[in-house]
Amino acid sequence: MSPSRARWTVLAAFTLLVAATQLLWLGFAPVTSEVARSLGVSDGAVGNLAAVNPLVYVLLAIPAGRFADRRFGAALGLGAVLTAGGALVRLVDPGAYGWVLAGQVVMSAGQPLVLNATTKVAARWFPPAERTTAISVGSAGQFVGILVAALSGAPVVAAGGVGALLALGAAVSTVAAIATLLALRVPAAFPDEAPAARTLPRDRTLWLLAGLLFVGVGVFNAVATWLDVLLGGLGLPDAGGPLIALMTVAGIAGAAIVPGFAARHDRRRTVLLLTPLTVIVAFAVIAAGPGLVVTAVVLAIAGFFLLAGLPVALDWSETRAGEGDAATTTALLLLAGNLGGVVLVLLVEPLIALPVAGLLAIAAVTLPGVAFAAFLPARADVAAGDA
(Lines give C-alpha, C1' and ligand atoms only; values in the text may rest on other atoms or scores of the structure.)
Protein backbone atom coordinates (compact mmCIF):
# COMPACT_ATOMS: atom_id res chain seq x y z
CA MET A 1 0.00 0.00 0.00
CA SER A 2 1.35 3.43 -0.92
CA PRO A 3 2.16 5.89 1.90
CA SER A 4 -0.67 8.14 0.71
CA ARG A 5 -3.26 5.37 0.94
CA ALA A 6 -1.80 4.07 4.18
CA ARG A 7 -2.38 7.28 6.13
CA TRP A 8 -6.01 7.46 5.03
CA THR A 9 -6.47 3.82 6.01
CA VAL A 10 -5.11 4.61 9.47
CA LEU A 11 -7.51 7.55 9.75
CA ALA A 12 -10.48 5.46 8.57
CA ALA A 13 -9.79 2.76 11.16
CA PHE A 14 -9.36 5.32 13.92
CA THR A 15 -12.52 7.22 12.95
CA LEU A 16 -14.53 3.98 13.05
CA LEU A 17 -13.18 3.31 16.55
CA VAL A 18 -14.13 6.84 17.65
CA ALA A 19 -17.66 6.29 16.32
CA ALA A 20 -17.84 2.94 18.14
CA THR A 21 -17.09 4.60 21.50
CA GLN A 22 -20.05 6.94 21.04
CA LEU A 23 -22.35 4.15 19.87
CA LEU A 24 -21.53 2.11 22.99
CA TRP A 25 -21.95 5.16 25.21
CA LEU A 26 -25.34 6.39 23.95
CA GLY A 27 -26.85 3.25 22.45
CA PHE A 28 -29.37 2.89 25.27
CA ALA A 29 -30.56 6.52 25.20
CA PRO A 30 -33.35 6.16 22.60
CA VAL A 31 -34.65 2.90 24.14
CA THR A 32 -34.25 3.56 27.86
CA SER A 33 -37.61 2.10 28.88
CA GLU A 34 -37.17 -1.06 26.79
CA VAL A 35 -33.70 -1.64 28.22
CA ALA A 36 -34.98 -1.07 31.76
CA ARG A 37 -37.69 -3.71 31.31
CA SER A 38 -35.24 -6.17 29.80
CA LEU A 39 -32.74 -5.76 32.65
CA GLY A 40 -35.39 -5.54 35.36
CA VAL A 41 -34.25 -2.14 36.63
CA SER A 42 -35.53 1.44 36.68
CA ASP A 43 -35.14 3.98 33.88
CA GLY A 44 -32.78 5.86 36.17
CA ALA A 45 -30.51 2.84 36.47
CA VAL A 46 -30.28 2.68 32.67
CA GLY A 47 -29.45 6.37 32.61
CA ASN A 48 -26.62 5.66 35.03
CA LEU A 49 -25.07 3.36 32.43
CA ALA A 50 -24.51 6.40 30.21
CA ALA A 51 -23.39 8.53 33.17
CA VAL A 52 -20.48 6.14 33.79
CA ASN A 53 -18.79 7.35 30.62
CA PRO A 54 -18.22 11.07 31.39
CA LEU A 55 -17.36 10.23 35.01
CA VAL A 56 -14.59 7.85 33.98
CA TYR A 57 -13.41 10.31 31.34
CA VAL A 58 -13.01 13.08 33.91
CA LEU A 59 -10.96 10.75 36.13
CA LEU A 60 -8.70 9.36 33.41
CA ALA A 61 -8.44 12.11 30.77
CA ILE A 62 -5.13 13.71 31.75
CA PRO A 63 -3.28 10.48 32.71
CA ALA A 64 -4.49 8.91 29.46
CA GLY A 65 -3.27 11.93 27.50
CA ARG A 66 0.19 11.80 29.08
CA PHE A 67 0.36 8.05 28.43
CA ALA A 68 -0.48 8.62 24.76
CA ASP A 69 2.16 11.36 24.40
CA ARG A 70 4.81 9.01 25.76
CA ARG A 71 3.76 5.64 24.31
CA PHE A 72 1.20 6.37 21.63
CA GLY A 73 0.91 2.93 20.06
CA ALA A 74 0.46 1.19 23.41
CA ALA A 75 -2.10 3.77 24.56
CA LEU A 76 -4.30 3.69 21.46
CA GLY A 77 -3.98 -0.10 21.21
CA LEU A 78 -5.11 -0.44 24.82
CA GLY A 79 -8.00 1.94 24.14
CA ALA A 80 -9.10 -0.21 21.19
CA VAL A 81 -8.93 -3.42 23.26
CA LEU A 82 -10.86 -1.90 26.17
CA THR A 83 -13.53 -0.51 23.83
CA ALA A 84 -14.18 -3.86 22.16
CA GLY A 85 -13.64 -5.76 25.42
CA GLY A 86 -16.27 -3.73 27.23
CA ALA A 87 -18.78 -4.36 24.44
CA LEU A 88 -18.10 -8.11 24.62
CA VAL A 89 -18.43 -8.15 28.42
CA ARG A 90 -21.96 -6.77 28.02
CA LEU A 91 -22.79 -9.81 25.90
CA VAL A 92 -21.83 -12.33 28.61
CA ASP A 93 -25.38 -12.04 29.95
CA PRO A 94 -27.47 -9.46 28.05
CA GLY A 95 -30.23 -9.72 30.65
CA ALA A 96 -28.04 -9.02 33.68
CA TYR A 97 -27.57 -5.41 34.74
CA GLY A 98 -24.31 -6.23 36.53
CA TRP A 99 -22.65 -7.55 33.37
CA VAL A 100 -23.88 -4.61 31.30
CA LEU A 101 -22.61 -2.16 33.92
CA ALA A 102 -19.23 -3.92 34.05
CA GLY A 103 -18.98 -3.66 30.27
CA GLN A 104 -19.77 0.06 30.39
CA VAL A 105 -16.99 0.62 32.92
CA VAL A 106 -14.44 -1.26 30.80
CA MET A 107 -15.49 0.53 27.62
CA SER A 108 -15.46 3.90 29.40
CA ALA A 109 -11.87 3.32 30.52
CA GLY A 110 -10.91 2.94 26.87
CA GLN A 111 -12.64 6.06 25.59
CA PRO A 112 -10.12 8.69 26.80
CA LEU A 113 -7.28 6.66 25.26
CA VAL A 114 -9.16 6.73 21.95
CA LEU A 115 -10.52 10.28 21.85
CA ASN A 116 -7.30 11.86 23.12
CA ALA A 117 -5.53 10.41 20.09
CA THR A 118 -7.45 12.56 17.59
CA THR A 119 -4.80 15.22 17.08
CA LYS A 120 -1.97 12.73 17.60
CA VAL A 121 -3.10 10.56 14.68
CA ALA A 122 -3.16 13.66 12.47
CA ALA A 123 0.29 14.79 13.60
CA ARG A 124 1.96 11.38 13.24
CA TRP A 125 0.63 10.32 9.83
CA PHE A 126 -0.36 13.50 7.97
CA PRO A 127 1.69 16.40 6.63
CA PRO A 128 0.91 19.84 8.11
CA ALA A 129 -1.25 20.86 5.14
CA GLU A 130 -3.59 17.89 5.73
CA ARG A 131 -3.76 17.83 9.50
CA THR A 132 -6.81 20.06 9.79
CA THR A 133 -8.70 17.68 7.49
CA ALA A 134 -7.52 14.65 9.46
CA ILE A 135 -8.60 16.21 12.77
CA SER A 136 -11.98 17.12 11.26
CA VAL A 137 -12.56 13.56 10.05
CA GLY A 138 -11.55 12.04 13.39
CA SER A 139 -13.75 14.48 15.30
CA ALA A 140 -16.68 13.83 12.97
CA GLY A 141 -16.49 10.20 14.04
CA GLN A 142 -17.91 11.28 17.39
CA PHE A 143 -20.92 12.90 15.75
CA VAL A 144 -21.49 9.96 13.40
CA GLY A 145 -21.45 7.59 16.37
CA ILE A 146 -23.97 9.75 18.22
CA LEU A 147 -26.21 9.87 15.15
CA VAL A 148 -26.07 6.10 14.61
CA ALA A 149 -26.89 5.54 18.28
CA ALA A 150 -29.90 7.85 18.02
CA LEU A 151 -31.26 6.28 14.83
CA SER A 152 -30.47 2.59 15.33
CA GLY A 153 -31.68 1.90 18.86
CA ALA A 154 -35.43 1.66 18.32
CA PRO A 155 -35.45 -0.41 15.09
CA VAL A 156 -32.74 -2.80 16.32
CA VAL A 157 -34.53 -3.42 19.63
CA ALA A 158 -37.84 -3.83 17.81
CA ALA A 159 -36.30 -6.42 15.53
CA GLY A 160 -34.21 -8.42 17.98
CA GLY A 161 -34.50 -7.08 21.49
CA VAL A 162 -31.85 -5.58 23.72
CA GLY A 163 -29.54 -8.51 22.98
CA ALA A 164 -29.45 -7.48 19.33
CA LEU A 165 -28.52 -3.93 20.33
CA LEU A 166 -25.66 -5.22 22.47
CA ALA A 167 -24.55 -7.50 19.63
CA LEU A 168 -24.51 -4.57 17.20
CA GLY A 169 -22.27 -2.57 19.53
CA ALA A 170 -19.96 -5.54 20.02
CA ALA A 171 -19.68 -6.19 16.27
CA VAL A 172 -18.92 -2.57 15.36
CA SER A 173 -16.41 -2.09 18.17
CA THR A 174 -14.63 -5.39 17.51
CA VAL A 175 -14.20 -4.61 13.82
CA ALA A 176 -13.01 -1.11 14.69
CA ALA A 177 -10.56 -2.40 17.30
CA ILE A 178 -9.04 -4.97 14.96
CA ALA A 179 -8.75 -2.38 12.18
CA THR A 180 -7.05 0.07 14.55
CA LEU A 181 -4.58 -2.52 15.85
CA LEU A 182 -3.65 -3.36 12.27
CA ALA A 183 -3.39 0.35 11.39
CA LEU A 184 -0.93 0.90 14.22
CA ARG A 185 1.50 -1.31 12.34
CA VAL A 186 1.79 1.41 9.67
CA PRO A 187 4.96 3.40 10.49
CA ALA A 188 4.40 7.02 11.46
CA ALA A 189 5.35 9.39 8.65
CA PHE A 190 6.56 12.10 11.04
CA PRO A 191 8.87 11.54 14.01
CA ASP A 192 7.61 11.87 17.55
CA GLU A 193 8.45 15.02 19.45
CA ALA A 194 9.44 14.85 23.09
CA PRO A 195 6.54 15.87 25.37
CA ALA A 196 6.88 19.23 27.08
CA ALA A 197 3.58 19.25 28.95
CA ARG A 198 4.95 21.44 31.76
CA THR A 199 4.44 24.47 29.42
CA LEU A 200 0.76 23.80 28.80
CA PRO A 201 -0.70 25.30 32.00
CA ARG A 202 0.84 28.68 31.06
CA ASP A 203 -0.70 28.80 27.57
CA ARG A 204 -3.67 31.13 27.87
CA THR A 205 -4.91 30.26 24.37
CA LEU A 206 -5.37 26.62 25.35
CA TRP A 207 -7.34 27.56 28.44
CA LEU A 208 -9.61 29.81 26.37
CA LEU A 209 -10.18 26.94 23.94
CA ALA A 210 -10.97 24.69 26.91
CA GLY A 211 -13.52 27.24 28.09
CA LEU A 212 -15.12 27.28 24.65
CA LEU A 213 -15.46 23.49 24.65
CA PHE A 214 -16.90 23.61 28.17
CA VAL A 215 -19.65 25.82 26.78
CA GLY A 216 -20.02 24.18 23.35
CA VAL A 217 -20.17 20.54 24.44
CA GLY A 218 -22.29 21.54 27.43
CA VAL A 219 -24.82 23.31 25.22
CA PHE A 220 -25.02 20.37 22.82
CA ASN A 221 -25.61 17.95 25.71
CA ALA A 222 -28.25 20.24 27.20
CA VAL A 223 -30.03 20.44 23.84
CA ALA A 224 -29.84 16.68 23.31
CA THR A 225 -31.16 16.08 26.83
CA TRP A 226 -33.96 18.63 27.10
CA LEU A 227 -35.02 19.71 23.59
CA ASP A 228 -37.82 17.16 23.26
CA VAL A 229 -39.35 18.25 26.57
CA LEU A 230 -38.98 21.96 25.82
CA LEU A 231 -40.48 21.75 22.33
CA GLY A 232 -43.32 19.62 23.66
CA GLY A 233 -44.22 22.52 25.94
CA LEU A 234 -44.32 24.79 22.90
CA GLY A 235 -46.81 22.58 21.07
CA LEU A 236 -44.27 20.52 19.07
CA PRO A 237 -44.57 17.07 20.68
CA ASP A 238 -42.22 14.30 19.49
CA ALA A 239 -40.23 16.80 17.42
CA GLY A 240 -37.13 16.73 19.60
CA GLY A 241 -35.66 13.44 18.37
CA PRO A 242 -35.83 14.19 14.63
CA LEU A 243 -34.62 17.76 15.17
CA ILE A 244 -31.62 16.60 17.23
CA ALA A 245 -30.80 14.18 14.41
CA LEU A 246 -31.09 17.06 11.91
CA MET A 247 -28.86 19.24 14.09
CA THR A 248 -26.27 16.44 14.26
CA VAL A 249 -26.30 15.85 10.50
CA ALA A 250 -25.80 19.59 9.94
CA GLY A 251 -22.98 19.48 12.49
CA ILE A 252 -21.25 16.65 10.62
CA ALA A 253 -21.39 18.80 7.50
CA GLY A 254 -20.02 21.75 9.45
CA ALA A 255 -17.17 19.64 10.84
CA ALA A 256 -16.28 18.62 7.30
CA ILE A 257 -16.35 22.15 5.81
CA VAL A 258 -15.62 24.80 8.43
CA PRO A 259 -12.26 23.76 9.98
CA GLY A 260 -10.48 23.64 6.63
CA PHE A 261 -11.81 27.08 5.70
CA ALA A 262 -10.84 28.49 9.09
CA ALA A 263 -7.30 27.09 8.86
CA ARG A 264 -6.68 28.15 5.24
CA HIS A 265 -7.76 31.73 5.89
CA ASP A 266 -6.51 31.89 9.51
CA ARG A 267 -10.01 32.69 10.69
CA ARG A 268 -10.24 30.29 13.61
CA ARG A 269 -11.18 33.02 16.09
CA THR A 270 -13.84 34.36 13.74
CA VAL A 271 -15.43 30.91 13.46
CA LEU A 272 -15.25 30.29 17.21
CA LEU A 273 -16.81 33.70 17.89
CA LEU A 274 -19.56 33.12 15.35
CA THR A 275 -20.43 29.75 16.92
CA PRO A 276 -21.82 30.93 20.29
CA LEU A 277 -23.43 33.98 18.67
CA THR A 278 -25.30 31.70 16.26
CA VAL A 279 -26.49 29.46 19.09
CA ILE A 280 -27.69 32.42 21.16
CA VAL A 281 -29.70 33.84 18.26
CA ALA A 282 -31.08 30.42 17.33
CA PHE A 283 -32.49 29.65 20.77
CA ALA A 284 -33.83 33.14 21.22
CA VAL A 285 -35.73 32.65 17.94
CA ILE A 286 -37.00 29.20 18.97
CA ALA A 287 -38.21 30.60 22.30
CA ALA A 288 -40.53 32.89 20.33
CA GLY A 289 -42.40 29.80 19.09
CA PRO A 290 -42.01 30.27 15.33
CA GLY A 291 -43.27 26.80 14.39
CA LEU A 292 -41.66 23.57 13.22
CA VAL A 293 -40.12 24.71 9.92
CA VAL A 294 -38.34 27.78 11.30
CA THR A 295 -37.25 25.82 14.37
CA ALA A 296 -35.75 23.13 12.13
CA VAL A 297 -33.90 25.69 10.01
CA VAL A 298 -32.34 27.58 12.93
CA LEU A 299 -31.38 24.34 14.70
CA ALA A 300 -29.65 23.12 11.53
CA ILE A 301 -27.70 26.39 11.30
CA ALA A 302 -26.79 26.24 14.99
CA GLY A 303 -25.70 22.62 14.68
CA PHE A 304 -23.58 23.39 11.61
CA PHE A 305 -21.44 25.85 13.58
CA LEU A 306 -21.70 24.31 17.05
CA LEU A 307 -20.32 20.88 16.15
CA ALA A 308 -17.72 22.39 13.83
CA GLY A 309 -16.29 24.20 16.84
CA LEU A 310 -14.79 20.98 18.23
CA PRO A 311 -12.41 20.21 15.34
CA VAL A 312 -11.55 23.90 14.96
CA ALA A 313 -10.52 24.06 18.64
CA LEU A 314 -8.62 20.76 18.46
CA ASP A 315 -6.83 21.84 15.30
CA TRP A 316 -5.80 25.13 16.92
CA SER A 317 -4.61 23.28 20.04
CA GLU A 318 -2.37 21.05 17.94
CA THR A 319 -0.69 24.06 16.37
CA ARG A 320 -0.13 25.52 19.85
CA ALA A 321 1.16 22.41 21.64
CA GLY A 322 2.87 20.52 18.83
CA GLU A 323 2.88 16.78 18.28
CA GLY A 324 4.77 16.05 21.49
CA ASP A 325 1.92 17.25 23.71
CA ALA A 326 -0.96 16.70 21.28
CA ALA A 327 -2.72 13.97 23.28
CA THR A 328 -2.37 15.75 26.64
CA THR A 329 -3.71 18.97 25.12
CA THR A 330 -6.64 17.12 23.56
CA ALA A 331 -7.30 15.53 26.95
CA LEU A 332 -7.45 18.96 28.58
CA LEU A 333 -9.92 20.27 26.02
CA LEU A 334 -12.16 17.18 26.03
CA LEU A 335 -12.08 17.08 29.81
CA ALA A 336 -13.45 20.63 29.82
CA GLY A 337 -16.10 19.57 27.32
CA ASN A 338 -17.19 16.62 29.46
CA LEU A 339 -17.44 18.81 32.54
CA GLY A 340 -19.54 21.30 30.59
CA GLY A 341 -21.75 18.45 29.42
CA VAL A 342 -22.63 17.70 33.04
CA VAL A 343 -22.81 21.22 34.44
CA LEU A 344 -24.91 22.89 31.74
CA VAL A 345 -27.42 20.03 31.64
CA LEU A 346 -27.95 20.53 35.38
CA LEU A 347 -28.20 24.31 35.03
CA VAL A 348 -31.00 24.07 32.47
CA GLU A 349 -32.91 21.26 34.22
CA PRO A 350 -34.80 23.42 36.78
CA LEU A 351 -36.43 25.37 33.91
CA ILE A 352 -37.61 22.53 31.66
CA ALA A 353 -41.18 22.88 32.92
CA LEU A 354 -41.12 26.45 31.55
CA PRO A 355 -40.22 25.95 27.88
CA VAL A 356 -39.57 29.59 26.97
CA ALA A 357 -37.41 30.09 30.05
CA GLY A 358 -35.61 26.81 29.36
CA LEU A 359 -34.78 27.77 25.78
CA LEU A 360 -33.62 31.22 26.86
CA ALA A 361 -31.49 29.54 29.54
CA ILE A 362 -29.69 27.59 26.81
CA ALA A 363 -29.01 30.90 25.07
CA ALA A 364 -27.85 32.43 28.36
CA VAL A 365 -25.39 29.67 29.29
CA THR A 366 -23.83 30.12 25.83
CA LEU A 367 -22.91 33.75 26.55
CA PRO A 368 -19.56 32.99 28.25
CA GLY A 369 -18.47 31.37 24.99
CA VAL A 370 -18.59 34.79 23.33
CA ALA A 371 -16.16 36.16 25.91
CA PHE A 372 -13.80 33.17 25.61
CA ALA A 373 -13.70 33.54 21.83
CA ALA A 374 -13.28 37.31 21.94
CA PHE A 375 -10.10 36.98 24.03
CA LEU A 376 -8.49 34.52 21.62
CA PRO A 377 -5.69 35.90 19.43
CA ALA A 378 -6.67 37.03 15.96
CA ARG A 379 -4.06 34.74 14.41
CA ALA A 380 -3.27 31.15 15.32
CA ASP A 381 0.47 31.76 15.59
CA VAL A 382 0.05 34.44 18.29
CA ALA A 383 -0.54 33.69 21.96
CA ALA A 384 -3.62 35.05 23.71
CA GLY A 385 -2.65 38.24 25.46
CA ASP A 386 -0.12 39.12 22.75
CA ALA A 387 -2.66 39.71 19.96
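Residues numbered from 1 in each chain as written. Predicted model: local features only at pLDDT ≥ 70, side-chain atom pairs only at ≥ 80, totals over all residues. Heavy atoms only, no water.

**Focus: helix 8 (residues 204-233)**
The line we're drawing: To qualify as a helix, a DSSP run of H or I must reach at least 4 residues; to qualify as a strand, a run of E must reach at least 2; elements of each kind are numbered from the N terminus. By definition here, a helix of n residues has an expected span of 1.5 Å times n minus one. At every residue, the bend is computed as the angle between two fitted axes, covering the seven residues ending there and the seven beginning there respectively. Any pair of nitrogen or oxygen atoms within 3.5 Å is treated as a polar contact; in protein, a donor-acceptor pairing is required on top of that, and neighbouring residues in sequence qualify only through side-chain atoms on both sides.
For helix 8, which comprises 30 residues, the first-to-last C-alpha distance of 41 Å matches the rise-based estimate of 44 Å (1.5 Å per residue) to within 8%. At W226, helix 8 is bent by approximately 55°, the largest bend along its length. The residue sitting at the N-terminus of helix 8 and contributing the capping side-chain oxygen is D203; that oxygen lies 3.0 Å from the backbone nitrogen of T205. Just beyond helix 8, the residue with positive phi is G235, at close to 85°.

**Details of the packing of helix 3 (residues 43-70) against helix 5 (residues 97-115)**
The line we're drawing: Working convention: axes come from line fits to C-alpha atoms, limited for helices to the stretch in contact. Angles between N-to-C directions cover 0 to 180 degrees. Each crossing is labelled by how the near helix is turned from the far one, with a counterclockwise turn of less than a right angle marking it left-handed and a clockwise turn marking it right-handed. It only takes one pair of heavy atoms within 4.5 Å for two residues to be counted as in contact. Each residue gets one label: Ala, Val, Leu, Ile, Met, Phe, Trp, Tyr, Cys and Pro are nonpolar, Asp, Glu, Lys and Arg are charged, and the others, such as Gly, are polar.
As a packed pair, helix 3 and helix 5 sit with axes 7 Å apart at the nearest point and diverge in direction by 35°. In this structure, helix 3 meets helix 5 at a crossing whose hand is right-handed. Here A45, N48, L49, V52, N53, V56, Y57, L60, A61, A64 and F67 of helix 3 come into contact with helix 5, specifically with Y97, V100, L101, Q104, V105, M107, S108, A109, Q111, P112, L113 and L115. Split by residue class, the contact of helix 3 with helix 5 holds 18 nonpolar, five polar and no charged.

**What about empty space enclosed by the protein?**
Just so we agree on the cut-off: Detection works on a 1 Å grid of protein atoms alone, calling trapped sets that fit a 1.4 Å probe cavities and calling open sets with protein on both sides within 12 Å along at least five of seven lines pockets, with lining residues defined by an atom within 4 Å of a point. Grid points are joined across faces, edges and corners, and a volume is the space filled by probe spheres set on the points.
Counted by the stated rule, this structure contains two cavities of 30 Å³ or more. In this structure, the largest cavity spans a volume of roughly 60 Å³. Around the largest cavity, the lining residues are L23, L24, G27, F28, R90, L165, L166, L168 and G169. Of all the secondary-structure elements, those providing two or more residues to the lining of the largest cavity are helix 1 (3-26) and helix 7 (128-183). The residue makeup of the lining of the largest cavity, split by class, is six nonpolar, two polar and one charged. In this structure, the second largest cavity encloses a volume near 30 Å³. Residue lining of the second largest cavity: V10, F14, L76, W125, T180, A183 and L184, and that is the complete set. Breaking the lining of the second largest cavity down by element, the ones donating at least two residues are helix 1 and helix 7. Of the residues contributing to the lining of the second largest cavity, the split by class is six nonpolar, one polar and no charged.

**Focus: the nonpolar core**
The condition that has to hold: The nonpolar core is taken to be a set of buried Ala, Val, Leu, Ile, Met, Phe, Trp, Tyr and Cys residues, with the residues joined through side-chain atoms within 4.5 Å. Each residue gets one of three labels from its accessible area relative to the maximum for its type: buried under 20%, exposed over 50%, partly exposed in between, using a 1.4 Å probe on protein chains only.
Membership of the largest hydrophobic core comes to 95 residues, with the highest contact counts inside it found for L76, V121, L209, V219, L272, F283 and L333. No other element matches helix 8, which puts 15 residues into this core. Here L209 is in contact with L272, A313, W316, S317, L333 and L376, once residues within four sequence places are set aside. Counting residues in each nonpolar core, the second largest holds twelve residues, with V31, V35, V100 and L165 among its members.

**Concerning helix 11 (residues 292-321)**
An α-helix turns once every 3.6 residues. As a result, residues three or four positions apart point the same way. Under the 1.5 Å per step criterion, the end-to-end length of helix 11 is 44 Å for 30 residues, consistent within 8% with the ideal 44 Å. Among the 30 residues that make up helix 11, 22 are buried, leaving the element largely enclosed by the rest of the structure. After helix 11 finishes, the residue G322 shows a positive phi value of roughly 80°.

**Some words on the environment of S136**
Position of S136 among the secondary structure elements: in helix 7. C-alpha separation for the pair S136 and V258, spaced 122 residues apart in sequence, amounts to 9.0 Å. In this structure S136 touches A255, P259 and P311, once residues within four positions along its chain are discounted. A distance of 3.5 Å separates the side chain of S136 from the backbone oxygen of A255, its partner in a polar contact.

**Digging into the confidence of the model for the chain**
Where we set the bar: The predictor's confidence in any single residue is recorded as pLDDT, a number from 0 to 100.
Of all residues in the chain, 94% attain a pLDDT of 70 or more, and the chain-wide mean is 90. The least confident element of the chain, judged by mean pLDDT, is helix 3 at 88; the most confident is helix 4 (residues 72-90) at 97.

**Some details on the packing of aromatic side chains**
The test is simple: What counts as a ring pair is set by centres within 6.5 Å for rings of Phe, Tyr and Trp (its six-membered ring), and what kind of pair is set by the plane angle: stacked under 30 degrees, edge-to-face over 60, tilted for all other angles.
Across all of its chains, the model carries three aromatic pairs by this definition. Judged by centre distance (5.2 Å) and plane angle (80°), the rings of F304 and F305 are edge-to-face. On the basis of relative accessible area, F304 is assigned to the partly exposed category, the value being 24%. Accessibility expressed as a relative area gives 19% for F305, which makes it buried.

**Observations regarding unusual backbone geometry**
The backbone of D238 shows a phi angle near 65°, a positive value even though the residue is not glycine. Examined against the element boundaries, D238 turns out to sit in the loop between helix 8 and helix 9 (240-264). With relative accessibility at 65%, the residue D238 sits in the exposed group.

**Some points on the environment of V114**
You can see V114 is positioned in helix 5. Exposure remark for V114: the relative accessible area of 0% places this residue in the buried category. For the pair V114 and A308, spaced 194 residues apart in sequence, the C-alpha separation works out to 20 Å. Apart from the residues within four sequence positions on either side, V114 is in contact with F14, L17, V18, T21, L76, G79, A80 and T83.

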